[in-house]
Protein chains: 2
Amino acid sequence: MTTVRLGKIKNACQNCGVRQLCLPTSLDGNEFNLMDEVVTHRFKLQAGDHLYKTGDEFHGIYAVKSGALKTSGVTIDGREQVTGFHLYGEIVGLDAVDEKIHPCDAIALTDTEVCHLPFKKLREASAKLPNLLEDLTKIMSREIRREEHVLMLLGTTTAEQRIARFLVNLYERLQKRGELENTITLFMSRQDIGNYLGLAIETVSRQFKSLRDKGIINVDKKKVEILAMEELKTLAL
Amino acid sequence: MTTVRLGKIKNACQNCGVRQLCLPTSLDGNEFNLMDEVVTHRFKLQAGDHLYKTGDEFHGIYAVKSGALKTSGVTIDGREQVTGFHLYGEIVGLDAVDEKIHPCDAIALTDTEVCHLPFKKLREASAKLPNLLEDLTKIMSREIRREEHVLMLLGTTTAEQRIARFLVNLYERLQKRGELENTITLFMSRQDIGNYLGLAIETVSRQFKSLRDKGIINVDKKKVEILAMEELKTLAL
DNA sequence: CCGTTTTCTTGACTTGTGTCAATGAGACTG
DNA sequence: CAGTCTCATTGACACAAGTCAAGAAAACGG
């Protein structure tokens, strides 16, 4: 549970350009050389490690290269609230650009590799590279939409709907990354799922059981096999 | 209930620079002249008018100059879900930058004035003006944080907490705009509030009544007078 | 390897909040 | 002004999901 301090790990990042970040990049050719200046460090986190903590000074955003992270804030009354799960190919830290202080924790859920992108450099490079600027705004826009999506998910819905939507969403995100198996691995705990979906941990457990009883999924520990995707999607409606 | 089409209203926007947008602007002097090129139109909406609808092509973002808007999407199962209320001084439309299509509706809650900021121009100007670029990223970052805040609000909390937090948040936003009265005007319906907070309209009604019985607020139609702010904040915890 | 701790599951019970239904209060219209 | 609509309030009731509690199953650590 150690916070990774920047600068400690100084191994240069070779294969860490925009293209490999799974960003909606439109960069080509020489521009990549410039981009590589932006990416400074690539380093590893173990499950439970903090990438940053609430209140930490903001130095830049992070591209998740492998593994997964959760971001969670602390509500006014002191409870944890998970605000998102971030798979590889996604970006974390965009919520800190404004105030220059991280408003939430980012914690690795499993062994995870991230690339650090100093935001100042990114901005400077964006001024020279129109395409990069476009990418940057798109990435931020996408993050805004992602959160809106979660908001929609949390509106007045049943526990079953939330769990179903959660599974479908996770499946689709993994599918986009080329993972076509029907079995998805939950890297997060039941606690995290419940917290994220606004449900008690027991409810999460019961819903998994209920879906299993209906023959829609198969749950074994952190492995969830989707047996009837169409039915699952119907429940998600 | 008419959608305002761009281009129909072509009156140039005089007092619509960044400074007046209540943005965290750091622009000075001549740069403003460039900025004024970015702002194209300023126009009025009546209560119920759509600024844009889900699926509309994205032409730019909008700065709310007066009044208030709600943004709401349609969930997979066809229900409306309010994702935010936007007071004057705030920006709407940032969630469309990525896909170039508006993922939600933006509807005026009262008579509202907005400025249209073509995003392409904004981006082009940002490449020349480092400060503008900084502002743009900050604004987007702030929007991301705003939504995270709503997420935290919707996590496992009671109806009373949600209503209390909603009122405190609204009060503080109005206060930042220099409105120091203890009476706030809800420009949105109970329906919208309930939808936004994930509560049934009846529950909203009952919670208002309950807070009134406790002597914490005074409700008369859309006017909410806060009698005991400290107690309200305690309930919000 | 066994003891300890954490995480997950399952059951019994309670309660907050949604649903249904009826009524009241304004706002708008002809 | 009565008639129609929409919006808000209030009450009665049911049920989904939270809480409490106990036990099972992994994970961890020496």
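Just so it is clear, the structure is predicted and the values come from calculations on it, not from any experiment.

### Section: the environment of T110 of chain B
Residues and elements named next belong to chain B.
Consideration 1: Topologically, T110 is positioned in the loop between β7 (105-108) and β8 (112-118).
Consideration 2: Residues T110 and L151 lie 41 residues apart in sequence; the distance between their C-alpha atoms is 26 Å.
Consideration 3: Once residues within four sequence positions are removed from consideration, T110 is found in contact with L45, Q46, A47, G67, A68 and F187.

### A few points about the protein's contact with DNA strand D
Consideration 1: Around DNA strand D, the surrounding shell holds 17 residues, and the nearest of these are A159, T203 and K221 of chain A together with S205 and R206 of chain B.
Consideration 2: Per the 4 Å cut-off to the protein, sugar and phosphate atoms form 60% of the nearby atoms of DNA strand D.
Consideration 3: Taking A200 of chain A, its main chain carries an N or O atom lying 3.2 Å from a phosphate oxygen of DNA strand D.
Consideration 4: When residues of the surface near DNA strand D are traced back to their parent elements, those giving at least two are α6 (201-213) of chain A together with α5 (190-197) and α6 (201-213) of chain B.
Consideration 5: For the surface near DNA strand D, the element with the most residues is α6 of chain B, which contributes four residues.

### Details of the interface of chain B and chain A
Consideration 1: Counting from both sides, the interface comprises 46 residues of chain B and, opposite them, 46 residues of chain A.
Consideration 2: Carbon and sulfur atoms make up 64% of the area that chain B and chain A hide from each other, which totals about 4,200 Å².
Consideration 3: For chain B, the biggest contributors to the area lost against chain A are D98, L151 and M152 of chain B; these three give 15% of the whole.
Consideration 4: Of the charged contacts in the structure, one is a salt bridge between R145 of chain A and D98 of chain B, with a shortest N-O distance of 3.3 Å.
Consideration 5: For the interface between chain B and chain A, the tally reads 18 residue pairs in polar contact (both at pLDDT 80 or more).
Consideration 6: Mapped onto the side of chain B that touches chain A, the elements with two or more residues apiece are β4 (68-74), β5 (80-87), α2 (119-128), α3 (130-154) and α4 (159-176) of chain B.
Consideration 7: The dominant element in the side of chain B that touches chain A, judged by the number of residues it contributes, is α3 of chain B, at 17 residues.
Consideration 8: A class-by-class count of the residues in the side of chain B that touches chain A yields 19 nonpolar, 12 polar and 15 charged.

### What to know about the confidence of the model for chain A
Detailed reading of the predicted coordinates is not advisable wherever pLDDT falls low.
All names here are of chain A.
Consideration 1: Of the residues in chain A, 84% have a pLDDT of 70 or more, and the chain-wide mean is 83.
Consideration 2: Ranking the elements of chain A by mean pLDDT puts helix α1 (residues 31-38) last with 56 and α6 first with 95.
Consideration 3: This model gives residues 1-31 a pLDDT under 50, and the stretch forms 74 contacts once residues within four places in sequence are excluded.

### A short note on the protein's contact with DNA strand C
Consideration 1: Taken together, 18 residues sit near DNA strand C, with R190, S205 and R206 of chain A together with A159 and T203 of chain B positioned nearest.
Consideration 2: Among the atoms of DNA strand C close to the protein, meaning within 4 Å, 61% are from sugar or phosphate groups.
Consideration 3: At 3.5 Å from a phosphate oxygen of DNA strand C is found a side-chain nitrogen or oxygen belonging to K209 of chain A.
Consideration 4: In the environment of DNA strand C, a base nitrogen lies 3.1 Å from a nitrogen or oxygen atom belonging to the side chain of E202 of chain B.
Consideration 5: Among the elements of the structure, α5 (190-197) and α6 of chain A together with α6 of chain B are those that each provide at least two residues to the surface near DNA strand C.
Consideration 6: It is α6 of chain A that provides the largest number of residues to the surface near DNA strand C, a total of five residues.
Consideration 7: Per-class residue counts for the surface near DNA strand C are three nonpolar, six polar and nine charged.

### Some details on the environment of K209 of chain B
Residues and elements named next belong to chain B.
Consideration 1: Inspection of the secondary structure assignment puts K209 in helix α6.
Consideration 2: On the accessibility criterion, K209 (47% relative accessible area) is partly exposed.
Consideration 3: Between the C-alpha atoms of K209 and V219, which are 10 residues apart in sequence, the distance is 7.9 Å.

### So, the sheet that holds β4 of chain B
Residue and element names in this part refer to chain B.
Consideration 1: Strand order in the open sheet formed by four strands is β2-β7-β4-β5, and the pairing between neighbours is antiparallel. Either end of the sheet is taken by a strand with one partner, and the two such strands are β2 (50-52) and β5. Strand after strand, the sheet turns through a mean of 30° between neighbouring axes, direction not considered.
Consideration 2: Judged from the two bridges that link them, β2 and β7 form a sheet pairing that is antiparallel. Residue H50 lies in a different strand from β7, and its bridge partner there is I107.

### So, the pairing of strand β3 (residues 60-66) of chain A
Residue and element names in this part refer to chain A.
Consideration 1: A large share of β3 lies buried, amounting to six of its seven residues.
Consideration 2: The pairing of β3 with strand β8 (residues 112-118) spans six bridges and is classified as antiparallel. The residue bridging S66 from the neighbouring strand is E113, located in β8.
Consideration 3: The pairing of β3 with strand β6 (residues 91-92) spans two bridges and is antiparallel. Looking across to β6, one finds that Y62 is bridged to V92.

### Digging into helix α7 (residues 229-236) of chain B
Residue and element names in this part refer to chain B.
Consideration 1: By the burial criterion, the buried members of α7 are M229, L232 and A236. Within α7, the buried residues cover an arc of 60° as seen down the axis, which keeps them to one side. Turned more than 90 degrees away from the buried face of α7, the exposed residues are E230 and T234.

### Quick look at the sheet that holds strand β4 (residues 68-74) of chain A
Pairing between sheet strands relies on hydrogen bonds along the backbone, with the strands arranged either parallel or antiparallel.
All names here are of chain A.
Consideration 1: Read from one edge of the open sheet, four strands run β2-β7-β4-β5, paired in antiparallel fashion. Sheet topology places β2 (50-52) and β5 (80-87) at the edges, where each strand pairs with a single neighbour. Neighbouring strand axes in the sheet, compared pairwise and without regard to direction, differ in orientation by 30° on average.
Consideration 2: Where β4 lies against β5, seven bridges are found, and the strand directions are antiparallel. Bridge pairing in β5 places A68 opposite L87.

Conventions we followed
Along each chain, residues carry numbers from 1 onward, in the same order as the chain's sequence is written. All chains are assigned letters beginning with A, and all ligands numbers beginning with 1, in the order in which they are written. Given that the model is predicted, a residue must reach a pLDDT of at least 70 before its local features are reported, and side-chain atom pairs must reach 80 or more before they are shown or counted; all residues, however, enter totals for whole chains, interfaces and linings. Working from all heavy atoms in the structure, the side-chain values ignore hydrogens and water. Secondary structure elements are defined from DSSP: runs of H or I of at least 4 residues count as helices, runs of E of at least 2 residues count as strands, and each element is numbered from the N terminus. Every residue pair with non-hydrogen atoms within 4.5 Å of one another is taken to be in contact. Being near a molecule or strand, for a residue, means having at least one of its heavy atoms within 4 Å of it. In protein, a polar contact means a hydrogen-donor-capable atom and an acceptor-capable atom, both N or O and within 3.5 Å, with residues adjacent in sequence counting only if both atoms are side-chain atoms; elsewhere, any N or O pair within 3.5 Å suffices. Note: buried area is the sum, over both parts, of the accessible area (probe 1.4 Å) each one loses when the two are combined. Salt bridge, as used here, is a side-chain nitrogen of Lys or Arg placed within 4 Å of a carboxyl oxygen of Asp or Glu. Under the grouping applied here, Gly and all other residues not named as nonpolar or charged are polar, the nonpolar ones being Ala, Val, Leu, Ile, Met, Phe, Trp, Tyr, Cys and Pro and the charged ones Asp, Glu, Lys and Arg. On a range of 0 to 100, pLDDT expresses the predictor's confidence in each residue. Only protein chains enter the calculation, and the probe is 1.4 Å; a residue is then buried if its accessible area is under 20% of its type maximum, exposed if over 50%, and partly exposed in between. When DSSP locates at least two bridges between a pair of strands, those strands are taken to pair. Every axis in this analysis is a line fitted to C-alpha atoms, fitted for helices over the stretch in contact. Angles between the N-to-C directions lie between 0 and 180 degrees. Taking the helix axis as origin, the arc is that swept by the directions to the C-beta atoms.

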